[in-house]
Amino acid sequence: MLLSLLILEKVLDRQGSSGVTALADALGLPKARIHRHLGSLKNSGFLSQDAVTRSYEPGWRLLLLGQRIESRTGVVALARPIMARLRDEVGQSVVLSQLTEQGVTVTEVLPGGSPIDVVLSAGTQLGYNSSAQGKVALAFGIEEQVRAWSALPHERRTAHTITDPQRLHVELGKVHDQGWASGPEETFLGVNTIAAPVFSHGGALACTLGVVASIHYLPDPPDPHLVSALTTAAASLSGDLGYRADHAETTPVDVRASRSGAAT
């Protein structure tokens, strides 16, 4: 376990990708031993390997781990004032959610104070196919993340949950094009959520920002003013994390092909 952590540390310390020989020299250990650990780290998603150079780089799982650590410190601190302004503007609950292997986890919640307030507890787990936050993750995550998430069983939380891969694929294309997602009664009956992506300085998806309310106050389609307030707040948080709008856009992965590949 310790050697695996030391290998990850060396990969993160080095500029660019790292080969077996370079890592073995840096750690003063035999190449064969390093190679065995690299294989395990690659198979578990902590490292990825370039198909041409055969060198190693941080994998999707390591990126997620970094995001989860960051979200508990810097991201949440930066998000709170932005979330408060958004809450005051729309009068509904605002949630910040981080990405995990099993779904999307609510990290920070600001209650809205409306007559019928919907408040999710921190730690609430949301599915990738059954929530607005999850659809944002699938639409804007990096390819390795999306393929792993797409292979998870599609859960049905309500009769409105999208479980059909074809329908979900069409929905994700819409989410990617418009820059936000809606999940009317897909997680809880009588509740809608709209969510938008928050990007880190490198252009990777860092977390999601969302507004949660009774379907009475947040119908589908939602009020354009509310959508504008959400996407503006998400863009503001992305900017605070160092993201620039001229970063290359992600391309949505075909979840139908991902699930088909996972099944073979």
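See the structure above.
Below is a short write-up of the structure. (Residues numbered from 1 in each chain as written. Predicted model: local features only at pLDDT ≥ 70, side-chain atom pairs only at ≥ 80, totals over all residues. Heavy atoms only, no water.)

### Section: the overall build of the protein
Part 1 of the argument: Scanning the protein from N- to C-terminus turns up nine helices and eight strands.
Part 2 of the argument: By the burial criterion, 46% of the 264 residues in the protein qualify as buried.
Part 3 of the argument: For the protein, contacts bridging at least 24 residues in sequence account for 61% of all contacts bridging at least 6. (Helix = DSSP H or I, 4+ residues; strand = E, 2+ residues; numbered from the N terminus. Buried < 20%, exposed > 50% of the residue type's maximum accessible area, 1.4 Å probe, protein only. Contact = heavy atoms within 4.5 Å.)

### Some words on the nonpolar core
General note: in soluble globular proteins, nonpolar side chains tend to be found buried as a group.
Part 1 of the argument: With 29 residues, the main nonpolar core has L99, Y128, L138, F140 and W149 as its most contacted residues.
Part 2 of the argument: Contributions of two or more residues to this core are made by α4 (60-90), β3 (93-99), β4 (104-110), α5 (132-140), α6 (143-150), α7 (165-178), β7 (191-199) and β8 (205-214).
Part 3 of the argument: For this core, the element with the most residues is α5, which contributes six residues.
Part 4 of the argument: When sequence neighbours within four positions are dropped, the list of residues in contact with L138 reads Y128, V146, W149, S150, L168 and L172.
Part 5 of the argument: Of all hydrophobic cores here, the second largest spans 28 residues; its members include I194, C207, A234 and L237. (Core = buried A, V, L, I, M, F, W, Y, C linked by side-chain atoms within 4.5 Å.)

### Quick look at the side chain of N129
Part 1 of the argument: As for its placement among the helices and strands, N129 is situated in the loop between β5 (125-126) and α5.
Part 2 of the argument: Polar side-chain contacts of N129 include one of 2.9 Å to the backbone oxygen of E155.
Part 3 of the argument: Looking at N129, its side chain comes within polar contact range of the main-chain oxygen of I162, at 2.8 Å.
Part 4 of the argument: Every residue in contact with N129, bar those within four places of it in the chain, is listed here: H154, E155, T161, I162, T163, L168 and E186. (Polar contact = N/O pair within 3.5 Å; in protein donor to acceptor, adjacent residues only side chain to side chain.)

### Overview of helix α3 (residues 31-43)
Part 1 of the argument: Relative to the 18 Å expected for 13 residues at 1.5 Å per residue, α3 spans 18 Å between its end C-alpha atoms, a close match to the ideal helical length.
Part 2 of the argument: Taken together, the buried positions of α3 are I34, L38 and L41. Axial view of α3: buried residues confined to an arc of 65 degrees, hence all on one face. In α3, the exposed positions that point more than 90 degrees away from the buried face belong to A32, R36 and N43.
Part 3 of the argument: On its buried face, α3 sits against α1 (2-13), α2 (20-27), β1 (47-49) and β2 (56-58). (Expected span 1.5 Å × (residues − 1). Arc of directions from axis to C-beta.)

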